[in-house]
Amino acid sequence: MPGGSAGPFCSVLVGKLGCRATVILGGVLSGLGMAASSFTHSITELYITAGVITGLGFCFSFQPAVTILGHYFVRRRAFANAMSSTGTALGLCTLPFLGNYLHTEFGWRGSFLILGAVLLNCCVCGAVMRPLQPKKHRGEPLINHTPPQLEKEAKQRGRFRTISRFLVASLKEHMAFDQLCNNRRYCVFAIGITFMMLGFVVPLVYLVPYATAHSMEPSQAALLLSILGIVNIVVRPPFAIIFNMPWFKGRHIYAFASALLFNGLSNSICCIGAGFPVLLGYVVMYGLSMSVVGSLMFTVLMDIVEMSRFPSALGLLAVMESITLLIGPPLAGKVQSEHGVGGRFEL
């Protein structure tokens, strides 16, 4: 939640410092937050270090990286976004095994410390980003034609009025409320993504407990998540090539919407049963649609809004989706507790 709510603040940093400096700052925050988690003594302290500080670091690293990618690539933007999203699939496939290994060998404190050192590599990733060319502004006029009396009256205006105007201008610039109100396509897209996040990550949270609750071996249940990650890794590069073809220009939104519909309907496969073959088919279907959604989400957003407004549009979207992303898993857990483990509503 802290990472998503920091989206508008991140767009301000991108505008003032640039993408490179913001990503480096995010790497420092995420690394220090994760390392500091190894020295905590309570859940409250862990919320602050691993939740707030590390979450802010993730936001400051992720959002500028997506933004600068849209500036680097224009003709091959769909290909670049799809290929970059492969890193998410790689992490989904490897991090469960890495986390289990680190916890077994070094304990939870040592695991946090090592992961903090790994996250500091985000600073290296930010350092290799080529800064964007700054826009050239015209200089101030050499001769000031403003009469002294008017200049004096302008300086005597109330500070409260100036501050209020500044706040309103900042909100309009960095919160993309103008896009939400005036850009119908962005409004529909933002609301749709917000409701999508209500259940998009729920299978990632409850798939293994769902499988083990139906007498599946823990090793087989963990293998399902690995297969989901492998499907994403294998499928996203070919999809990147396909979506970069000229025929898909202007049609990314239709492929994205179809994949999102298929992703939601694929959850009904769990109604058939909870055996390994059934859940394997579910993971493959879910992974395929998840790959398309992850590959095209930011490409569609770049097609909807201008790149000059993309950081603020992404920041507002991050705030909106973080709310449903926060309440989604607990809501699914409440439904599961009401219908019982043997019900068909866990996912």
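As shown above, the structure is provided for reference.
Residues numbered from 1 in each chain as written. Predicted model: local features only at pLDDT ≥ 70, side-chain atom pairs only at ≥ 80, totals over all residues. Heavy atoms only, no water.

## A word on unusual backbone geometry
- Non-glycine residue Ser215 carries a positive phi angle of around 65 degrees.
- For Ser215, a relative accessible area of 72% gives the class exposed. (Buried < 20%, exposed > 50% of the residue type's maximum accessible area, 1.4 Å probe, protein only.)

## Brief notes about the environment of Cys59
- Mapped onto the fold, Cys59 is located in helix H4 (residues 43-72).
- With relative accessibility at 9%, the residue Cys59 sits in the buried group. (Helix = DSSP H or I, 4+ residues; strand = E, 2+ residues; numbered from the N terminus.)

## Digging into the environment of Tyr286
- Along the polypeptide, Tyr286 turns up in helix H15 (residues 276-304).
- For Tyr286, the residues in contact, after removing those within four places along its chain, are Phe200, Pro203, Leu228, Asn263, Ser266 and Asn267. (Contact = heavy atoms within 4.5 Å.)

## Some remarks on the packing of aromatic side chains
- Using the criterion set out here, one finds eight aromatic pairs in the structure.
- Centre to centre, the rings of Phe200 and Tyr286 are 6.3 Å apart; their planes meet at 35 degrees, and the pair counts as tilted. With a gap of 86 residues between them, Phe200 in the loop between helix H11 (184-196) and helix H12 (202-213) and Tyr286 in helix H15 connect regions that are remote in the sequence.
- The class for Phe200 is buried, based on a relative accessible area of 10%.
- The class for Tyr286 is buried, based on a relative accessible area of 2%.
- Arg251 extends its terminal NZ or CZ atom over the ring of Trp247, reaching a point 4.4 Å from the ring centre. (Phe/Tyr/Trp six-rings, centres within 6.5 Å; stacked < 30°, edge-to-face > 60°. Lys NZ or Arg CZ within 6 Å of the ring centre and 35° of its normal.)

## Details of the nonpolar core
- Counting residues in each nonpolar core, the largest one holds 54 residues, and the members touching the most others are Tyr186, Phe189, Phe200, Phe243, Phe256, Leu301 and Phe310.
- Among the secondary structure elements, those contributing two or more residues to this core are H11, H12, helix H13 (218-243), helix H14 (252-265), H15 and helix H16 (310-339).
- Here this core takes 14 residues from H15, the largest share from any one element.
- Leaving out residues up to four positions away in the same chain, Tyr186 has contacts with Ala176, Gln179, Leu180, Leu301, Ile304, Val305, Ala313, Leu316 and Leu317. (Core = buried A, V, L, I, M, F, W, Y, C linked by side-chain atoms within 4.5 Å.)

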